[in-house]
Amino acid sequence: MPRVAPEQLSLFEMGPDMTKIRESRDVLKRCTRAESTREAYACDWRAFEMWCASTGRVALPATGDTLALYAAARLAVGGLRASSASRLLAAIAFEHRSAGMAAPDRPEA
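Here we summarise the structure given alongside this text. Owing to the predicted nature of the structure, the values given are computational and were not obtained by experimental measurement.

Conventions and cut-offs
Residues numbered from 1 in each chain as written. Predicted model: local features only at pLDDT ≥ 70, side-chain atom pairs only at ≥ 80, totals over all residues. Heavy atoms only, no water. Salt bridge = Lys/Arg side-chain N within 4 Å of Asp/Glu carboxyl O. Helix = DSSP H or I, 4+ residues; strand = E, 2+ residues; numbered from the N terminus. Buried < 20%, exposed > 50% of the residue type's maximum accessible area, 1.4 Å probe, protein only. Expected span 1.5 Å × (residues − 1). Contact = heavy atoms within 4.5 Å.

Going through the model one piece at a time under the given rule, you end up with two salt bridges. The closest approach of N and O atoms between D44 and R87, which form a salt bridge, is 2.8 Å. With D44 in helix α3 (residues 35-55) and R87 in helix α5 (residues 82-98), this pair connects stretches of sequence that are 43 residues apart. The class of R87 is partly exposed, set by a relative accessible area of 41%. We note a salt bridge from R57 to D65, for which the minimum N-O separation is 3.2 Å. For D65, a relative accessible area of 36% translates into the label partly exposed.

Further remarks concern α5. An ideal rise of 1.5 Å per residue puts 24 Å on 17 residues; α5 measures up with 24 Å between its terminal C-alpha atoms. Where α5 is concerned, the buried positions are A85, L88, L89, A90, A91, I92, A93, F94 and H96. Where α5 is buried, its residues contact α3 and α4 (64-77). G100 lies just past α5 and shows a positive phi near 80°.

Keep in mind that these numbers describe shape and distance, not what the molecule does.
Rendered as structure tokens:
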């Protein structure tokens, strides 16, 4: 078996700096969307949270039924188009994934 040079052992003993790796991972996660998209998602999420509070529903984690009712309410009362409702659902799914939770069932909505 070949011998390993002492300077190579010291590299293995130090190991990777997991704190820096985690920080890099978190930066990359935030960069998956444009700043304007993240701002729009944040606004959409706040609106969803307020709607959930006003109807006695749980925002996080939301059910597919809650998502469907929210989309229907926003389409009927808010005058949104289907494409705008789709963005709302994407924002809610994004918030769930950011919190480490499974996104609600969007096809139901």
